[in-house]
Amino acid sequence: MDTNWTNIGSVDLYPQDLGSCVLVGDVQVAVFHLADEQRWYAVQNYNPQNERMVLSRGIVGDEKGTPIIICPLHKYRYSLKDGKCFTDEQYSLKVFEVREEAGELLVKAS
Amino acid sequence: MVAIHLVMKPRIIVVGNGMVGYKFCEKFLEKDTASKYQLVTFCEEPRPAYDRVHLSEYFSGKSAEDLYMNKLSWYSENDIELYIGEKVVEIDREHKTVTSCKGKVLEYDKLVMATGSAPFVPPVPGADKAGVFVYRTIEDLDLMKDYAKQAKTCAVIGGGLLGLEAAKAAQDLGMKTHVVEFAPRLMPRQLDTAGGLLLKSVIESRDISVHLNKNTKDIAGDGAVSKMVFADDSELDVDMIIISAGIRPRDELAKECGLEVGERGGIKVDKYMLTSDPNIFAIGECALYEGMIYGLVAPGYKMADVAAGLLCGVEETFEGADMSTKLKLIGTDVASFGEIEAKEGDREIVINDDFKKIYKKLVISADGKLLLGGILVGDADAYGGLLQIYQNKMALPPEPIQLISPAGDDSQVGTSVMDLPDSAQICSCEAVTKGTLCSAIDDGASSVGDLKACTKAGTGCGGCVPLMTDLFKAKMAESGVVVSSRLCEHFDLSRSEMYDVVKVSGIKTFDELLEKHGKGVGCEICKPTAGSIFASIWNKPILEQKKLQDTNDAFLANMQQDGTYSIVPRIPGGEITPDKLIVLGEVAKKYSLYTKITGGQRIDLFGARVDQLPVIWKELIDAGFESGHAYGKSLRTVKSCVGSAWCRFGVQDSTTLAIDLEKRYRGIRSPHKFKSGVSGCARECAEARSKDFGIIATEKGWNLYVGGNGGMTPRHADLFASDIDRETLIKYTDRFLMYYIKTAERLERTSVWLTKLEGGLDKLKAVVIEDSLGICDELDEQMKHLVDTYECEWKDAINDPEKLKRFRHFTNSDEKDKSVQFVQERDQIRPATLQERNFSINL
Ligand code: SRM
Ligand SMILES: Cc1cc2nc3c(=O)[nH]c(=O)nc-3n(C[C@H](O)[C@H](O)[C@H](O)COP(=O)(O)OP(=O)(O)OC[C@H]3O[C@@H](n4cnc5c(N)ncnc54)[C@H](O)[C@@H]3O)c2cc1C
Ligand code: SF4
Ligand code: FES
């Protein structure tokens, strides 16, 4: 299927250094804004390890310089860059493109 | 009734279930893998074996059960027949039977005598008067405690190791205490004259009078003791006496049945611990080996091991043991090992510092190569290392004085524990070698506690724990594991260091902290730690720094396995009005929440979606509830009992105190959660002693206990202060908590913190009661600030649109999260299991 950019609203809705969850079609996407790099990241909200929709509620950080999201339930660490799981390599996340345009946020997830 | 024995196993009967008798059973079970024998043990005392070495802790708050060597159920679980309160009164060697005081006659195949010893009471006229005690069993202590209530002055006869321990106990019971010693110095067996003198001055500075060269001639008094008269006709007025003049092996049974005993007592044994009858062993303090009675546990344990081995076909021998000891006496360390005086040709190095009250002596062979023995008074930190050099006959450094020269310069010369051979025995009580400890660490033991649990090292007298700790740290460092308490890759600080940095430099944000003291972006370890520290110091609502809060704190509720939340309103002391109960019921019903009474005496409402939290809180707050901080590393609950308000036994109003304390400390952030309980009398219905701080009412006021824990590694709290009034109680608790918050590491409960605190409970008392660090003003002020600036975090959140932004599942939609599903169980909801869930993941 073709992928399209979806407008998910004003950037003001998305707090810095925290995660937010958006619905794109049927897909739950976790969106993060890292103030340090002035960059947006988006990955699946679904944590494959515990099979729950929780990643947007995790804390963000870095592991040796790579930006990561840490699952709030069992503290598994995933790279925001490529979705690889640092804690157990059998898991990985799908990453989505996200960009800012005229104060609005767009994500490519459908 | 007919007893039918289907299979009669050969029977081993152990006479005496003291420390050594118990150890025999334990060692025997380990070795008798085929379970060939039936173990039977007779125990004269009214309870199974307990830790006599730590008997004095019975006075400082430990219960008899705390001191048990093993739970009562352990015996039955291991199929040991244990006869408690049943003394053996006769041994018939011809028919191989023993007879108990209750008339039970049992046949034995092998007999093990572990009857221990009894305190020696010198034949002084008047020693049978009321008020004269010995110090050996829990019963002795109960009797003393009772009598001490009416006594003001106590004398201990005997200035040896046990006498001094008894003197400390007497002083703690509130009596003016004297020690009366026959010899010209204290601890004549372990110390030389100079060491003994120094110890005397330390003890006298603690307000215990020491009388040397005193031979008690008469104990006078009309029925009860009132004074002592000495051979030199001097007198001392006392109303209680504890005799601690040595021990006599309990060999009476052995004598009666014709076993060979020593002239001055003791059952003669050979190196296999066999007596003159090849079917009878003797071990522990009743056994006489080459003219020696060993009055210490470590040799006794070794004897138990040898006897158990032989019975299971493993030949081992007992070759004597050294009498090295290290103990803490009346606030000072005393240790001695090997030769304490130089013989012809040997040499000595002595440090005698009368200002710092430190005395250290090494006895060295004439050629300067071997350490023959030594004495340490006042500072015994070097003991572990010295003992290793001595026992392993290791070469001394060229300037052996460095081994005992005062620490201070960082060029500490000593033997590193890593230099020891693998065969070096680190724990003599449990005979655990360095090699065994190292393999346990290699096999994954990840803390000193772990090491203790899997090797038993350090569980006897405890003297080896410092060396074990060094070994553990050295091994960890070797394998590249940093045991420094560095928080994470972003900060080279431990939590307590971070606390000090924040406090001293007034840092209020994570970005500033990271910029000045850290690197990178942060992670789930340093961010919440910093958030907690900011809250502990500045006490702003935690969502002011949203990005630092993880999981529960991030949403002021407890995240459950399915991503929903539970809500726990505060119910101080567990007291709640019917109206408020109805509100909780109504709210739960309205939002279909699962309802449960928690283990902390309050009510938990489960299954709220993130977007429902603010509305539910609003309803609860309007009805007078506030956050219960079940999500925080902060005060949980102060459990209460109904106390004197209702209960027929209550002596104080425990409920009111619990409510007041819960309100005082609510919301305060700390290194880990902390809990409390207040009981209205000694029956302890609020389980206060399993709490971080627990309070038990007494006739005169309150007893405060600290450092208790339920959970994974339960620990009974230690008695911190007795019979104090409410004001003092609050003062001590404030300081205890603030000192903990200031100095503990991340996720360290008070129990662990206290066990690790150098100087332990005594140090804590000094800091909190005597202000030994001069920080009490700071602690008081900080606590006052926290109490005065408390705010309900829920209330703060629902009134702040900025904070509420994150309380929705989808930022761009009002839809519900379809992956959250419930099923019904016992008329309430519970999360659907992954199998029950009807949902397909779309990515
Ligand atoms: C709800 C409750 C169980 C219940 O249904 O009764 C409970 C639930 C949890 N306990 Fe507990 N504990 C509850 C009483 C206890 C008690 C009993 C007590 O407080 O008297 C203990 C033993 C006492 C103690 O703490 O010393 C207890 C010892 C633990 C421990 C082990 C702590 C330890 O030091 O070993 C943990 C794990 C931890 O904190 O690291 C834990 C952790 C948890 C967590 C936070 C597990 C987690 O990470 O999700 C649970 C989440 C709470 C929630 O969702 O609301 N819970 N937990 C109880 C809430 C009490 C309250 O009103 O606040
Ligand atoms: C206050 C105190 C502090 C101490 N501190 C230290 C220390 O720091 N370090 C150290 O190494 N040692 C210390 N000791 C010594 C240590 O406790 C003993 O060495 C150890 O308890 C000896 O163990 P045991 O089993 O031989 O004797 P015990 O522990 O005395 O046990 C013997 C048991 O046998 C029972 N018994 C006797 N006769 C019979 C019978 N006929 N039938 C049934 N049961 C019988 C007795 O009632 C007793 O329970 C201390 C002792 C005391 C009292
Ligand atoms: S602890 Fe004492 S006062 Fe409180 S309920 Fe139990 S028996 Fe009554
Ligand atoms: S030496 Fe006694 S416990 Fe280790």
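Refer to the structure above for everything that follows.
Residues numbered from 1 in each chain as written. Chains lettered and ligands numbered in written order. Predicted model: local features only at pLDDT ≥ 70, side-chain atom pairs only at ≥ 80, totals over all residues. Heavy atoms only, no water.

Engineer: Which parts of the structure should I look at to understand the overall build of chain A?
Structural biologist: Looking only at helices and strands, chain A has zero helices and eleven strands in total. When the elements of chain A are put in sequence order from the N terminus, they spell out β-β-β-β-β-β-β-β-β-β-β. Counting the 110 residues in chain A, one finds 60% classified as buried. The long-range fraction of contacts in chain A, counting pairs at least 24 apart against all pairs at least 6 apart in sequence, stands at 41%. Put simply, chain A shows about 4600 Å² of open surface, and 44% of that area lies on carbon and sulfur atoms. (Helix = DSSP H or I, 4+ residues; strand = E, 2+ residues; numbered from the N terminus. Buried < 20%, exposed > 50% of the residue type's maximum accessible area, 1.4 Å probe, protein only. Contact = heavy atoms within 4.5 Å. Areas by Shrake-Rupley, 256 points an atom, 1.4 Å probe, with all protein chains shown as cover.)

Engineer: Would you mind showing me how to read the site of ligand 2 here?
Structural biologist: Residue and element names in this part refer to chain B. Of all residues adjacent to ligand 2, which total 27 residues, the nearest are Val20, Glu44, Glu45, Arg136 and Glu285. Here an oxygen atom of ligand 2 sits 3.3 Å away from a polar atom, N or O, in the main chain of methionine 19. Starting from 1000 Å² of accessible surface for ligand 2 in isolation, the protein chains cover 95%. Looking at the shell around ligand 2 residue by residue, the classes come out as twelve nonpolar, seven polar and eight charged. Taken domain by domain, the makeup of the shell around ligand 2 includes at least three residues from each of domain 1 (11-117 + 249-311) and domain 2 (121-245). (Near = heavy atom within 4 Å. Polar contact = N/O pair within 3.5 Å; in protein donor to acceptor, adjacent residues only side chain to side chain. Nonpolar A, V, L, I, M, F, W, Y, C, P; charged D, E, K, R; others polar. Domains from an automatic or database assignment.)

Engineer: Is there a simple way to explain unusual backbone geometry in this structure?
Structural biologist: Note on backbone geometry: most residues besides glycine have negative phi, and most peptide bonds are trans. For Lys75(A), which is not glycine, the phi torsion reads 65° and is therefore positive. Considering the arrangement of structural elements, one finds Lys75(A) in the loop between strand E8 (66-70) and strand E9 (77-79). For Lys75(A), a relative accessible area of 32% gives the class partly exposed. Despite not being glycine, Glu687(B) has its phi angle at roughly 55°, a positive value. Within the fold, Glu687(B) resides in the loop between strand E33 (674-679) and strand E34 (693-697).

Engineer: I'm lost on the sheet that holds strand E28 (residues 558-559) of chain B in this one. Help?
Structural biologist: Each strand in a sheet pairs with another by means of backbone hydrogen bonds, the pair being arranged parallel or else antiparallel. Residues and elements named next belong to chain B. What the four strands build is an open sheet, ordered E28-E29-E31-E30; its pairing is antiparallel. Of all the strands in the sheet, the pair left with one neighbour each is E28 and strand E30 (594-597). In this sheet, strand E29 (residues 565-567) lies alongside E28 in antiparallel orientation, the contact comprising two bridges. Within the sheet, the bridge partner assigned to methionine 559 lies in E29 and is tyrosine 565. Running over the sheet, helix H18 (residues 613-622) touches E29 and strand E31 (603-608) and is turned about 5° from E29. (Pairing = 2+ DSSP bridges. Axes fitted to C-alpha atoms, helices over the stretch in contact; angles between N-to-C directions.)

Engineer: Can you walk me through the site of ligand 3 in this structure?
Structural biologist: All residues adjacent to ligand 3 are Cys641(B), Gly643(B), Cys647(B), Gly650(B), Ser679(B), Gly680(B), Cys681(B), Arg683(B), Glu684(B) and Cys685(B). For the shell around ligand 3, the class distribution of residues is four nonpolar, four polar and two charged.

Engineer: Before we go on, may I ask you to explain the side chain of Thr216(B) in this structure?
Structural biologist: Note that Thr216(B) resides in strand E13 (residues 216-220). Each residue touching Thr216(B), except ones within four places of it in the same chain, is listed here: Val124(B), Ile157(B), Val180(B), Met228(B), Val229(B) and Phe230(B).

Engineer: How should I be thinking about the interface of chain A and chain B in this particular structure?
Structural biologist: One frequent convention defines the size of an interface as the accessible area lost when the parts assemble. Of the residues lining the interface, 38 residues belong to chain A; the matching set on chain B comes to 40 residues. Across the chain A to chain B interface the summed buried area is about 3500 Å²; carbon plus sulfur atoms make up 54%. Of all residues in chain A, the largest losses of buried area upon contact with chain B belong to Arg52(A), Arg57(A) and Ile59(A), amounting jointly to 22% of the total for that side. Connecting chain A to chain B are three salt bridges. For Arg77(A), the salt bridge is made with Glu524(B), and the minimal N-O distance between the two is 2.8 Å. (Buried area = accessible area lost by both parts, 1.4 Å probe. Salt bridge = Lys/Arg side-chain N within 4 Å of Asp/Glu carboxyl O.)

Engineer: Just to check I follow, could you spell out the sheet that holds strand E10 (residues 95-101) of chain A for this structure?
Structural biologist: Residue and element names in this part refer to chain A. With antiparallel pairing, six strands are arranged side by side in an open sheet as E1-E11-E10-E4-E3-E2. In this open sheet, the two edge strands, each paired with only one partner strand, are strand E1 (5-10) and strand E2 (19-24). Averaged over all neighbouring strand pairs, the angle between strand axes comes to 30°, with direction disregarded.

Engineer: Hey, could you run me through the layout of surface pockets in this one?
Structural biologist: Residue and element names in this part refer to chain B. Looking at the second largest pocket, its volume works out to about 510 Å³. As for the second largest pocket, its lining consists of 25 residues, of which Pro528, Asp550, Asp553, Lys633 and Leu747 are closest to the centre. For the lining of the second largest pocket, the secondary-structure elements that each account for two or more residues are helix H15 (526-538) and helix H16 (551-555). Broken down by element, the lining of the second largest pocket gets its largest block of residues, four residues, from H15. The class makeup of the residues in the lining of the second largest pocket is nine nonpolar, eight polar and eight charged. (1 Å grid on protein atoms, 1.4 Å probe; cavity = no way out; pocket = protein on both sides within 12 Å on 5 of 7 lines; lining within 4 Å. Points joined across faces, edges and corners; volume = space filled by probe spheres on them.)

Engineer: Any chance you could explain helix H4 (residues 138-148) of chain B here in plain terms?
Structural biologist: Every α-helix winds through 3.6 residues per turn, so residues three or four apart in the chain are directed the same way. Listing the buried residues of H4(B) in full gives Ile138(B), Asp140(B), Leu141(B), Met144(B), Tyr147(B) and Ala148(B). On its buried side, H4(B) packs onto helix H2 (64-67), strand E9 (132-134) and strand E16 (240-243) of chain B.

Engineer: Even after reading the chapter, I still don't get the pattern of salt bridges, so can you show me in this structure?
Structural biologist: Two side chains with opposite charge may pair up if their charged atoms get near one another. All names here are of chain B. According to the stated counting rule, one finds 69 salt bridges over all chains in the structure shown. Taking the shortest distance from any N to any O, the salt bridge between aspartate 232 and lysine 214 comes out at 2.9 Å. Highlighted residues: aspartate 232 in the loop between strand E14 (227-230) and strand E15 (235-237) and lysine 214 in the loop between strand E12 (208-211) and E13, separated in sequence by 18 residues. Linking lysine 516 and glutamate 512 is a salt bridge whose minimum nitrogen-to-oxygen distance equals 2.7 Å.

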